[in-house]
Amino acid sequence: QVQLVESGGGSVQPGGSLRLSCAPSGTGTLLRISARDWYRQAPGKQRELVARITSGGSTNYADSVKGRFTISRDNAKNTVYLQMNSLKPEDTAVYYCDFPRPYNGYWGQGTQDTVSS
């Protein structure tokens, strides 16, 4: 059974940076999937897709984070990162990673990011 584990969250002031990590645990064929999605869910809001990296390395971002967030991957570690710069209070949320559809549904506990002065 595969599970994705998110880490790296914390509390920062506006303008600060955080780097999130998404690593798989367990065993199974899903470990071969290198593509990942990063989602976030703020209190009282629906979960939204923030960034995506495909197996080929192409990236896509939500308009709200373009130019501030960068998704990347370490193939040797099968780990995906989300570098978040110039953070704003509206970036406060629990961040999750998952495999893209149709392999989705393996996100972990998420990591809480709080941006506040």
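Everything in this summary refers to the structure shown in the same document. Since the structure is predicted, the reported quantities are computational estimates derived from the model, not experimental observations.

### A short note on the pairing of strand β7 (residues 69-74)
A one-sided burial pattern is seen for β7, the buried positions being Phe69, Ile71 and Arg73 and the unburied ones Thr70, Ser72 and Asp74. When β7 meets strand β8 (residues 79-84), the two strands line up antiparallel, connected through 6 bridges. The residue of β8 that forms the bridge with phenylalanine 69 is methionine 84. Once β7 ends, the chain turns through 4 residues before running back antiparallel as β8, passing asparagine 78 with a positive phi of about 55 degrees.

### Quick notes on the pairing of β8
Here β8 lies mainly inside the structure; 5 of its 6 residues are buried. For strand β3 (residues 18-26) and β8, the ladder comprises 5 bridges, and the chain directions are antiparallel. Looking at β8, one finds that cysteine 22 is bridged to valine 80.

Cut-offs applied
- Residues numbered from 1 in each chain as written.
- Predicted model: local features only at pLDDT ≥ 70, side-chain atom pairs only at ≥ 80, totals over all residues.
- Heavy atoms only, no water.
- Buried < 20%, exposed > 50% of the residue type's maximum accessible area, 1.4 Å probe, protein only.
- Helix = DSSP H or I, 4+ residues; strand = E, 2+ residues; numbered from the N terminus.
- Pairing = 2+ DSSP bridges.

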